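# Residue-level structure breakdown
What follows is the residue order along each chain.
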Amino acid sequence: MLRDAYAQSRPVPVIGVTGPPGAGKSTLLDRLALHWAERGLRVALVMVDPSSPYTGGALLGDRYRMDRASAHPDVFVRSLSSRGHVGGLSRAVQDVTVLLGALGFDIVLVETVGSGQADLEIAQLSDCVVVVAVPGLGDQIQAAKAGILEIGDLFAVNKADTPGADTVIAQLRANLDLVYPGEEGVNTATRPQRHAALPANAALQRRHGGAGEGESFWRPPVLKVSAVQGEGISGLGAGIDSFLAWQRATGHHEVRRAERVRSHVLRLATAQLLDEVNRCAVLPGLLAEVAQGNRTPEAASRALLDCLHEARARAAAPSGED
């Protein structure tokens, strides 16, 4: 099925939604899915729940917040367990999004587990990342140091009807001012670009442009929404559509998808290599030597890889040869 899905090569826009626990991501996704479904699109929602480090189980409870969208005939909802995978997603998510595209869905929304600043894998999976923020979860320093700020294509400040929402918006915009010149949305790069760091940041250039004079670039907008009240959803949906249109017009969507394929292949190769290493017969002895102080961890890792290379060489050798 996956071979057929990848062979179809029907890229479907993947919208990643991430943010801290309790930010209202699931309720926001419910509203967004309904927003596009009511406009004639087939929408798929994929939500990743964290697995217990002790039992391996996951509640998969995000779907219960989909009481509006899940009743729509053109909306499909699926929960996945992270199964211990780090980065805020499940190892299967990339293949799931490709399969959903092959099945004819027009847009896929993916929600991360929401564990905080380290869950940045969503940026490698998605065509557009929406970072959800809420009042009361930290000051401007906390916002500035969070790596999650660097992956957002749009920022949605949820629970806008609660005190402090305007402060969060002002802090996010102040931090973005350090990187991006211009207004929110599509801009044209000029020289000099004041103090902004966009021209010097290669990763941001690949995603948002702005490398040369006259080139179009995207500055992530900061939008106020209330998922519970349904306020600001149309504006957020229009902002996502605008970003996807800018990507297609400038060719940045091809760059992003090439990086997605690369990261997925390397991730799978890493997992397969780790499985082989865990089955290596010399591993227990090497670990014991490190624990006893007879070998450094670096030396043990090199010995482990040497053993793995030798085992592969023996397996590849013709029968009868050493």
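Residues numbered from 1 in each chain as written. Predicted model: local features only at pLDDT ≥ 70, side-chain atom pairs only at ≥ 80, totals over all residues. Heavy atoms only, no water.

## As for the nonpolar core
As a reminder, the rule being used: Residues belong to one nonpolar core when they are buried, are Ala, Val, Leu, Ile, Met, Phe, Trp, Tyr or Cys, and are joined through side-chain atoms within 4.5 Å. Categorising residues by exposure relies on relative accessible area from a 1.4 Å probe, with only protein chains included: less than 20% of the type maximum marks a residue as buried, more than 50% marks it as exposed, and the intermediate range marks it as partly exposed. Runs of E in the DSSP output that reach at least two residues are strands. Runs of H or I that reach at least four are helices, and both are numbered from the N terminus.
Membership of the largest hydrophobic core comes to 32 residues, with the highest contact counts inside it found for L109, V130, L236 and I240. Breaking this core down by element, the ones donating at least two residues are β1 (14-18), α2 (25-37), β2 (43-49), β4 (107-111), β5 (128-133), β6 (154-157) and α8 (233-250). Counting residues in hydrophobic clusters, the runner-up holds 30 residues, among them A44, L80, I151 and V157.

## A closer look at the pairing of β2
To be explicit about the condition: Whether two strands pair comes down to DSSP finding at least two bridges between them.
The buried count for β2 comes to seven of seven residues, which makes it a mostly enclosed element. Note that β2 and strand β3 (residues 75-81) share seven bridges and pair parallel. Its bridge partner being in β3, M47 is matched across the sheet by S79. Pairing between β2 and β4: five bridges, direction parallel. Following the sheet pairing, A44 is matched in β4 by V108.

## Observations regarding the packing of α8 against helix α9 (residues 252-278)
Two numbers describe a pair of packed helices, the interaxial angle and the distance between the axes. Convention followed: Axes here mean lines fitted to C-alpha atoms, for a helix over just the part in contact, with angles spanning 0 to 180 degrees between N-to-C directions. Under this scheme an angle from 65 to 115 degrees is roughly perpendicular, one under 35 degrees roughly parallel, and one over 145 degrees roughly antiparallel; angles in between are oblique. Here a residue-residue contact requires only that any non-hydrogen atoms of the pair lie within 4.5 Å. Under the grouping applied here, Gly and all other residues not named as nonpolar or charged are polar, the nonpolar ones being Ala, Val, Leu, Ile, Met, Phe, Trp, Tyr, Cys and Pro and the charged ones Asp, Glu, Lys and Arg.
At their nearest, the axes of α8 and α9 sit 5 Å apart, and the two run at 95 degrees to each other. Taken together, the axes of α8 and α9 lie roughly perpendicular to each other. Mapping the contact onto sequence places F243, W246, Q247, R248 and T250 in α8 and H252, H253 and R256 in α9. When the residues that make up the contact of α8 with α9 are grouped by side-chain class, the tally is two nonpolar, four polar and two charged.

## Brief notes about the environment of V113
As for its placement among the helices and strands, V113 is situated in the loop between β4 and α4 (122-125). Between the C-alpha atoms of V113 and M47, which are 66 residues apart in sequence, the distance is 7.7 Å.

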